[in-house]
Amino acid sequence: MRSKYNLNVLPTMHADGATQMGFDLALLDHAHETPDTIWLRTYTWSAPTLSLGYFQTWKELPEQLKTPWENVAVVRRPTGGGAIWHDGDLTYAIVVPSNHAWAASARVLYQAIHDAISGLMASDGANLQRRQVEASGVESGQATGSVANSPFLCFDDGDADDLVLRGIKVVGGAQRRRGWATLQHGSIHWERSSHESASHLPGLLDLCPDFAERSPVKWADRFGKRLSEAWELPYKLVQPPAEVVMAAHAWSNRLKELEWLEKR
Amino acid sequence: MIMEIHTKMSNFPTDLRYAETHEWVRLEGDTATIGLSAFAVEQLTDLIVIDLAKPGSKVKTGGRLGEVESVKSVNDIYAPIAGEVLEVNAAVVADLSKLSNDPYGSGWLVKIKPDNTADIEAMMSADDYTKAVAGSDH
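Below: a short report on this structure. Each chain carries its own residue numbering, running from 1 in the written order of its sequence. Throughout, the order in which chains and ligands are written sets their labels, letters from A for the former and numbers from 1 for the latter. Only residues with pLDDT of at least 70 get local features here, since the model is predicted, and only at 80 or more are side-chain atom pairs given and counted; chain-wide, interface and lining totals rely on the full set of residues.

Quick look at the overall build of chain B
Argument step 1. Each helix and strand in chain B was counted, giving 5 helices and 9 strands.
Argument step 2. Reading the secondary structure of chain B in the N-to-C direction produces β-β-β-α-β-β-β-β-β-α-α-β-α-α.
Argument step 3. The buried share of chain B, taken over its 138 residues, is 44%.
Argument step 4. Once C-beta atoms are placed from the backbone, any two residues with those atoms within 7 Å are in contact. If you take every contact in chain B between residues at least 6 apart in sequence, the share linking residues at least 24 apart comes to 62%. Per the convention used, a helix needs a DSSP run of H or I reaching at least four residues, while a strand needs a run of E reaching at least two, with both numbered from the N terminus. To sort residues by burial, count the other C-beta atoms lying within 10 Å of each one's C-beta; a count of 20 or more means buried, 12 or fewer means exposed, and anything in between means partly exposed. C-beta atoms are built from the backbone.

Describing the overall build of chain A
Argument step 1. The helix and strand tally for chain A stands at 8 helices and 12 strands.
Argument step 2. For a compact globule the rule gives 2.2 Å times the number of residues to the power 0.38, and the radius of gyration it is set against comes from C-alpha atoms. Its C-alpha atoms give chain A a radius of gyration of 17 Å, near enough to 18 Å, the size a compact globule of 264 residues would have.
Argument step 3. For the C-alpha atoms alone, the extent of chain A along its principal axes is close to 55 × 40 × 35 Å.
Argument step 4. Sequence separation of 24 or more characterises 76% of the internal contacts of chain A that already satisfy a separation of 6 or more.

Examining unusual backbone geometry
Residues and elements named next belong to chain A.
Argument step 1. One non-glycine residue, Arg 166, adopts positive backbone phi at about 50°.
Argument step 2. Summarising the element assignment, Arg 166 is placed in the loop between strand E9 (163-165) and strand E10 (168-177).
Argument step 3. Here the phi dihedral of Glu 232 falls at roughly 55°; this positive angle occurs in a residue that is not glycine.
Argument step 4. In this fold, Glu 232 is placed in the loop between helix H6 (216-231) and strand E12 (235-237).

Re the pairing of strand E3 (residues 37-45) of chain A
Residues and elements named next belong to chain A.
Argument step 1. Buried residues dominate E3, accounting for 8 of its 9 residues.
Argument step 2. By the bridge criterion, 4 bridges tie strand E1 (residues 6-9) to E3 in an arrangement that is parallel. Considered in E3, the bridge of Leu 7 is made with Ile 38.
Argument step 3. Paired strands, as defined in this entry, are two strands with at least two bridges between them according to DSSP. Alignment of strand E2 (residues 13-15) against E3, held across 3 bridges, turns out to be parallel. For Ala 15, the partnering residue across the bridge sits in E3 and is Trp 45.
Argument step 4. Seen with its strands pointing away from the viewer, a crossover is right-handed when the path leading from the first strand over the helix to the second is clockwise. Handedness of the crossover is the feature at issue here: the chain leaves E2, passes through helix H1 (residues 17-30), returns alongside E3, and the resulting connection is right-handed.

Some points on the nonpolar core
Buried together is how nonpolar side chains tend to be arranged in soluble globular proteins.
Argument step 1. A set of buried residues drawn from Ala, Val, Leu, Ile, Met, Phe, Trp, Tyr and Cys, joined through C-beta atoms within 7 Å, is what defines a nonpolar core. A:Ala26, A:Leu27, A:Ile38, A:Leu40, A:Ile94, A:Val95 and A:Leu128 are the most contacted members of the largest nonpolar core, which totals 54 residues.
Argument step 2. Not counting chain neighbours up to four residues away, the residues in contact with A:Leu27 comprise A:Trp39, A:Ala93, A:Val95 and A:Val244.
Argument step 3. Formed by 37 residues, the second largest nonpolar core is a distinct cluster that contains B:Trp24, B:Ile34, B:Ile77 and B:Val88.

Remarks on the sheet that holds strand E4 (residues 49-52) of chain A
Residues and elements named next belong to chain A.
Argument step 1. Across the sheet, which stays open at both edges, the 3 strands sit in the order E5-E4-E6 with mixed pairing between neighbours. Unpaired on one side and paired on the other, strand E5 (73-76) and strand E6 (84-86) mark the two borders of the sheet. Across the sheet, the axes of successive neighbouring strands diverge by a mean angle of 25°, strand direction being ignored.
Argument step 2. In this sheet, E6 lies alongside E4 in antiparallel orientation, the contact comprising 3 bridges. Looking across to E6, one finds that Leu 50 is bridged to Trp 85.
Argument step 3. Against the sheet, H1 engages E4 and E5, with an angle of about 15° to E5. Lines fitted to C-alpha atoms define the axes, with helix axes restricted to the stretch in contact, and inter-axis angles between N-to-C directions lie between 0 and 180 degrees.

Notes on helix H3 (residues 106-123) of chain A
Residues and elements named next belong to chain A.
Argument step 1. One less than the number of residues in a helix, times 1.5 Å, gives the span that helix is expected to have. Spanning 18 residues, H3 covers 26 Å between terminal C-alpha atoms, matching the ideal 26 Å at 1.5 Å per step.
Argument step 2. Buried residues of H3: Ala 106, Leu 109, Tyr 110, Ile 113, His 114, Ile 117, Leu 120 and Met 121, and no others. All buried residues of H3 fall inside an arc of 125° around its axis, so they share one side. Facing away from the buried side of H3, by more than 90 degrees, are the exposed residues Ala 122 and Ser 123.
Argument step 3. Directly after H3, the chain includes Gly 125, whose backbone phi takes a positive value near 105°. In this description, one arc is meant: the one made by directions from the helix axis to the C-beta atoms.

Let's talk about the sheet that holds strand E9 (residues 110-114) of chain B
All names here are of chain B.
Argument step 1. Here we have 6 strands laid out as an open sheet, ordered E1-E2-E3-E9-E8-E5, and antiparallel in their pairing. Lying at the two open borders of the sheet, with one neighbouring strand each, are strand E1 (17-18) and strand E5 (58-59).
Argument step 2. Pairing analysis gives 2 bridges linking E1 to strand E2 (residues 23-28), with the strands arranged antiparallel. Following the sheet pairing, Arg 17 is matched in E2 by Val 25.

Just geometry here; none of it tells us what the structure is for.
See below:
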């Protein structure tokens, strides 16, 4: 039976952090008007950027955590979780209406998307797996601690729904759940960064040197089609609606203000 | 709160009114106390941090009353009624186990002066909420 939902995929965008987060917030708002549509966008970052989790406000961070990142671009995400250093990673944002089964709970959506990602990764030679309960010591759906107790970087943290390769996290996700839709962010750690505070984290290509798809942008093109197949949704590559572009612009201007970094 | 309903049914106190988004309201005099249902708390699993509207702020019905993070997911908390925030439960902000362990007692979230107490009567009874919870099971 044909799904009543569509999968609208936006072209991969290369832009700064405020622009990317602005687009995601605009799409989440726009989803109020499109209850039969799942929106997917993938993006890369025009400059290495530290994205903070929603509850990681810059002014509340201890000085020793801020110091290594003081000269880099910083943006705060609308989604939870820890900070992510976007330096060569591939990021995706997916907006799922609340009436869709995948949006029923945080865990269901993590697993649905991660299953699609791991399936596509396997076809290119990387055997990603969900972090196992035995290995992580945490049950599925549970985080490892409070904001204060959790590692600052998302990729230093562990959740049962992470995707790991040789035991090392290479795909993490975080969500913003609103009444009408859920936004899920995910980062695929493509390769190791040279930044002193992130260079200890190997990426996909470091852990799997023979991985067939070298380009994250080309992989992103295939990811939308994979989701379409896995979720049995009609695939449509679309340009962002004009109202989303306008709203994204307004959001990105706000996100560039220091106030957004400092306040909730 | 919006979440999947698939685990055990909770017993919902009959002296409270409930919203589809899982907030409860208790009216005492002209003050309405608002919290999250035990069911909502159960669905959220590990609560990490909460942020609530400031005392003195005005909230609209369906507007945002706060945000709570759980499992890397930031969830909006909605105002089930309109009014002015009188008090925030600082003890819950400091210690979310109060919300987890006693959602109808020490785990209350905010007290509001309602614009119109009739809005509370229009909310769901415990019986209606129980049916709504069961009906939204996936």
